[in-house]
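An overview of the molecular structure
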Amino acid sequence: MKIGIPKEVVAGEKRVAATPDSIEKLTKLGFSFVVESGAGDLSDFADSTYRAVGAEVVDDPKSVWAKADIIMKVNPPMHHPVAGCDESTWLGAGKTLISFIWPAQHPDLMKTLAATQATVLAVDAVPRISRAQKLDVLSSMANIAGYRAVIEAAYHFGRFFTGQITAAGKVPPAKVLIVGVGVAGLAAIGTASGLGAIVRASDTRPEVQDQVKSLGAEFLTVDYQEDGTGQGGYAKTMSEGYLKAQEAMLARQAMEVDIIITTALIPGKPAPRLITAGMVQSMKPGSVIVDLAAIQGGNCELTENGKVVVHNGVKIVGHSDFPSRLARQASQLYATNLLHLIEELCPSKAGGEIYVNMNDEVIRGTTVIKEGVITYPPPKPTVPTTPAPQLFAKPPVELPKPAAAHGHGGTDAPASSRSVAIVGLVGAVIFGLIGFSAPAAFLGHFTVFVLACFIGYMVIWNVTPALHTPLMSVTNAISSIIAIGALIQVSSPGILITLLAGLAVVLTAVNMLGGFWVTQRMLRMFQR
């Protein structure tokens, strides 16, 4: 099969659906490619780089759709300004389209695409399950958007993020508030923390609290008990009581922080209004609001989609093309997601043929039109039933005590006690034999060895399991004190002993350095 990569026609779109690297990997699966000239120019992928990996580059956009069996795009089909017609008219029976579709928001487009008798896979409809994470385009683009939001905020802020003390005076660190801790929010927290800002974050889902703290930010809680976890890991619409408590908390924070980055979105619904005009009015002049939900109405009441506006000295950034502002990186991640999707569609992993298996949960969820038949929305996944929680705990069940044996040869001790007694008796006999036959100097060293084993075992046994790995790396390094013995033996007579001692010195030195190096790496994971 031949895959076509047309040039995006949306104004300001810089991404491309395939990179030379992804094309090279898919070519090994048996696919061939036709790429529209200039498709990757804005992502810094020249036509020559596509030709270098065996792709055919053509000037006519219509010929890309005509030659290809599979079309991979970023944006949904739309009116082509040069050709003067809609891109969907170039689809036909037997062809497959893979791109963003947003089927719930575009019912008319779905009907138009269904009329072409083609098969359409919407990358925005990939199920949010563990097996489909490598296909999750939404997470890839959200990650870039969160990072870019902080960069845009830094550009418009006009001050350092990190605090500094210089000869010219003291510069306080910037205070950043992240509202909504999804993929974009976490990326924004990590970036702002890395730049040295004081970061705070808020989310309706309590389970993200540990993630926020692990990135060095403070998690702000709302004084209202309600869980905002929705289906698929998204947030859900909250109650009126919660929204009032959240508004009060955000109003207090707006007066303190310098930068607010909002990422709150609920699929298929307008963006919730979290930052009111009054909150903007209360912010310090020079503050910045970056609204990642601008394309769906915005989380800020004063956001204007695609514009940067100023109210009371506060800049409100409403860009809707954050991933496209990092076009090369976004194209690489998007192309990698599509590469994994094509691999899922190729059960044989060779031959250059795809099979849309509607019995596969991932493929079924992604496929919104199958040969002209609209298959969206997919059936809800079956949720395993869980037993109802018990309101009262069952009384503990007492195990029957072992009956005492009567008569000759009987004993009251259980089997485990007998085993311990036998082992202890055998150990005592062995130690007694050693004591009678071994030299006095050996007994002293042997006693120290046994006590060290016992104390070491008890110390390790009582350490928290989470610290076992760093603890073992340190003990490995410390246990390499055997190097001292090896150094003493280096000067012993005999070439064999010298060689063995030298080898022991080298190996223990590697063990010591490696142990401390591994420990340091693990400790750095928990540092800002």
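Up top is the structure these notes are about.
Observations concerning the overall build of the chain
From N to C terminus, the chain includes 16 helices and 17 strands. The burial tally for the chain puts 39% of its 528 residues in the buried class. Contacts spanning at least 24 positions in sequence make up 64% of the contacts within the chain whose residues lie at least 6 apart. When the accessible surface of the chain is summed, it comes to about 29,200 Å², and 63% of that surface belongs to carbon and sulfur atoms.

Some thoughts on the sheet that holds strand E13 (residues 288–291)
Across the sheet, seven strands lie side by side as E11-E10-E9-E12-E13-E15-E14; this open sheet has mixed pairing. Each edge of the sheet is formed by a strand with only one pairing partner; in this case those strands are strand E11 (218–220) and strand E14 (308–311). For this sheet the average axis-to-axis angle between neighbouring strands, irrespective of direction, equals 20°. As paired strands, strand E9 (residues 175–179) and strand E10 (residues 198–202) are joined by five bridges and run parallel to one another. From the neighbouring strand, Lys-175 faces E10, where its bridge partner is Ile-198.

Digging into helix H4 (residues 107–114)
Turning to H4, its buried residues are Leu-109, Met-110, Leu-113 and Ala-114. Down the axis of H4, the buried side of the element spans an arc of 135°, and every buried residue falls inside it. Across H4 from its buried face, at more than 90 degrees, point the exposed residues Asp-108 and Lys-111. Residues of H4 that are buried in the fold lie against strand E5 (96–99), strand E6 (119–122), strand E16 (367–370) and strand E17 (373–374).

Side note on the packing of helix H5 (residues 137–157) against helix H6 (residues 183–194)
Direction vectors running N to C along H5 and H6 enclose 35°, while the axes themselves pass 7 Å from each other. The hand of the H5/H6 crossing is right-handed. Within the contact between the two elements, H5 uses Ser-139, Ala-142, Asn-143, Gly-146, Tyr-147 and Val-150 and H6 uses Val-183, Ala-184, Ala-187, Ala-188, Thr-191 and Ala-192. A class-by-class count of the residues in the contact of H5 with H6 yields eight nonpolar, four polar and no charged.

So, the pattern of salt bridges
For the structure shown, the criterion picks out 19 salt bridges. A salt bridge links Asp-360 to Arg-131, with the nearest nitrogen and oxygen atoms 2.9 Å apart. Here Arg-131 lies in the loop between E6 and H5 and Asp-360 lies in the loop between helix H10 (327–345) and helix H11 (361–366), a separation of 229 residues in the sequence. By relative accessible area, Arg-131 is classed as partly exposed at 43%. Put simply, Glu-256 and Arg-200 hold a salt bridge, and the shortest N to O gap is 3.0 Å.

Let's talk about the sheet that holds E5
Here eight strands make up an open sheet; going across it, the order is E3-E2-E1-E4-E5-E6-E16-E17 and the pairing mixed. Two strands close off the open sheet at either side, each with one partner strand: strand E3 (56–58) and E17. This element, helix H1 (residues 20–27), spans strand E1 (2–5), strand E2 (32–36) and strand E4 (70–72) of the sheet and lies at about 155° to E2. Packed onto the sheet, H10 meets E4, E5 and E6 and runs at close to 140° relative to E5.

Observations regarding the packing of aromatic side chains
In this structure the tally under the stated criterion is four aromatic pairs. Their ring planes at 20° and their centres at 5.6 Å tell us that Phe-100 and Trp-102 sit as a pair that is stacked. Between Phe-157 and Phe-161, the ring centres sit 6.3 Å apart and the planes meet at 85°, which makes this aromatic pair edge-to-face. Here the two residues Phe-157 and Phe-161 agree in accessibility, since each one is buried. Each residue in the set Phe-100, Trp-102 and Tyr-334 is aromatic and connected to the rest through ring pairs, giving one cluster.

Topic: the packing of H5 against H10
Two numbers describe how H5 lies on H10: the axes approach to 9 Å, and their chain directions differ by 165°. On the basis of the axis angle, H5 is roughly antiparallel to H10. Relative to H10, the crossing made by H5 is right-handed. For the pair formed by H5 and H10, the contact residues are Val-137, Ser-140, Met-141 and Ile-144 on the first element and Gln-329, Ala-330, Leu-333, Tyr-334 and Asn-337 on the second. A breakdown of the residues in the contact of H5 with H10 according to their chemical character gives six nonpolar, three polar and no charged.

Notes on the pairing of E14
Alignment of E14 against strand E15 (residues 314–317), held across four bridges, turns out to be antiparallel. Across the sheet, the residue bridging to Val-310 is Lys-315, located in E15. Hairpin connection from E14 to E15: two residues lie between these consecutive antiparallel strands, with Asn-312 at a positive phi of about 55°.

Details of the environment of Arg-148
Considering the arrangement of structural elements, one finds Arg-148 in helix H5. A sequence separation of 177 residues divides Arg-148 from Arg-325, and the C-alpha atoms of the two residues are 7.6 Å apart. The residues touching Arg-148, leaving out its near neighbours within four places in the chain, are Phe-322, Arg-325 and Leu-326.

Examining the nonpolar core
Phe-31, Phe-33, Met-72, Ile-98, Tyr-334 and Leu-345 are the most contacted members of the largest nonpolar core, which totals 41 residues. The set of elements that each furnish at least two residues to this core consists of E1, H1, E2, E4, H5, H10 and H11. If you tally residues by element for this core, the top one is H10, at seven residues. In contact with Leu-345, not counting residues within four places along its chain, are Ile-98, Leu-121, Glu-353, Ile-354, Tyr-355, Val-356 and Ile-363. In terms of nonpolar packing, the next biggest core, distinct from the first, is built from 28 residues, Ile-178, Ala-201, Ile-259 and Val-288 among them.

Scoring rules and cut-offs
- Residues numbered from 1 in each chain as written.
- Predicted model: local features only at pLDDT ≥ 70, side-chain atom pairs only at ≥ 80, totals over all residues.
- Heavy atoms only, no water.
- Helix = DSSP H or I, 4+ residues; strand = E, 2+ residues; numbered from the N terminus.
- Buried < 20%, exposed > 50% of the residue type's maximum accessible area, 1.4 Å probe, protein only.
- Contact = heavy atoms within 4.5 Å.
- Areas by Shrake-Rupley, 256 points an atom, 1.4 Å probe, with all protein chains shown as cover.
- Pairing = 2+ DSSP bridges.
- Axes fitted to C-alpha atoms, helices over the stretch in contact; angles between N-to-C directions.
- Arc of directions from axis to C-beta.
- Left-handed = near helix turned anticlockwise from the far one by under 90°.
- Nonpolar A, V, L, I, M, F, W, Y, C, P; charged D, E, K, R; others polar.
- Salt bridge = Lys/Arg side-chain N within 4 Å of Asp/Glu carboxyl O.
- Phe/Tyr/Trp six-rings, centres within 6.5 Å; stacked < 30°, edge-to-face > 60°.
- Parallel < 35°, antiparallel > 145°, perpendicular 65-115°, else oblique.
- Core = buried A, V, L, I, M, F, W, Y, C linked by side-chain atoms within 4.5 Å.

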